[in-house]
Amino acid sequence: MKKATLLIAFIFMVAINVKAQNGTRYFSLRGGWVAESAYIGTLSYDWNTRYFNQNEVFVEYYQDYKTPNIKTFMGGFAVKPVLFRSKNTAIRYRFGASIGTTTTSFIAAPQIGFEFSQSLGSGFDFLIMNRNQYVLFGDTPKRWRVGVEIGIRIPVN
């Protein structure tokens, strides 16, 4: 009887720690191309919420390679509700906003896009992301930024 009670207690404790994606956290590193003449690099911290949705806090660096003095540093937040999910694949909308600076002035940018993630095993994900943002304020000549990023998401827990 004692062994059965210990076994049931052990199974109950293990079941309490199972999260089924709720609460999983990641760091991700992405890089990509922005239409016409720029590249972008992003470092982010993602965490899963209910039903495989995610939230993201990110910092990004944007550099125009045709005009080297156009560069921005921004940080922001994005909400990523799931559009489609299968066993190893997820497609999410991406809604967010960021604030930051060019080398001379303040800027802000609302964002919308999509994220495709494919599980690579051991919690790692391969990412392809579309980011569309419109830069408000500032002295940047290119307001619309439409780009594609590729990266990897690394599990923290």
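All residue numbers refer to position in the chain's written sequence, counted from 1. The predicted nature of this model means local features are confined to residues of pLDDT at least 70 and side-chain atom pairs, given and counted, to a pLDDT of 80 or more, with totals for whole chains, interfaces and linings taken over all residues. The side-chain numbers reported here are obtained from all heavy atoms of the structure, hydrogens and water having been left aside.

*Asks:* I'm lost on the pairing of strand β1 (residues 25-34) in this one. Help?
*Replies:* Regular strands place their side chains on alternate faces of the sheet. The pairing of β1 with strand β2 (residues 38-48) spans 10 bridges and is antiparallel. Residue Gly-31 lies in a different strand from β2, and its bridge partner there is Gly-41. By definition, two strands form a pair when at least two bridges between them are found by DSSP. Numbering of helices and strands starts at the N terminus; helices are DSSP runs of H or I of at least 4 residues and strands are runs of E of at least 2. Following β1, the chain reverses through three residues before pairing antiparallel with β2; Glu-36 in that reversal takes a positive phi of roughly 85°. Note that β1 and strand β10 (residues 144-155) share nine bridges and pair antiparallel. Within β10, the residue paired with Ser-28 across the bridge is Arg-153.

*Asks:* Looking at this model, I keep getting lost on the environment of Thr-72. Mind explaining?
*Replies:* Take Thr-72: it is sitting in strand β4 (residues 71-80). Considering only alpha carbons, one finds Thr-72 and Tyr-61, 11 residues apart in sequence, at a separation of 5.9 Å. By definition in these notes, contact holds between two residues if any of their heavy atoms fall within 4.5 Å. The residues touching Thr-72, leaving out its near neighbours within four places in the chain, are Glu-60, Tyr-61, Tyr-62, Thr-101, Thr-102, Ile-107 and Arg-145. Within 3.5 Å is the distance limit for a polar contact, defined as a pair of N or O atoms, with the added protein rule that one can donate a hydrogen and the other accept it, and that residues adjacent in sequence qualify only through two side-chain atoms. In terms of polar contacts, Thr-72 uses its side chain to reach the side chain of Arg-145, at 3.1 Å.

Purely geometric numbers; function is a separate question.
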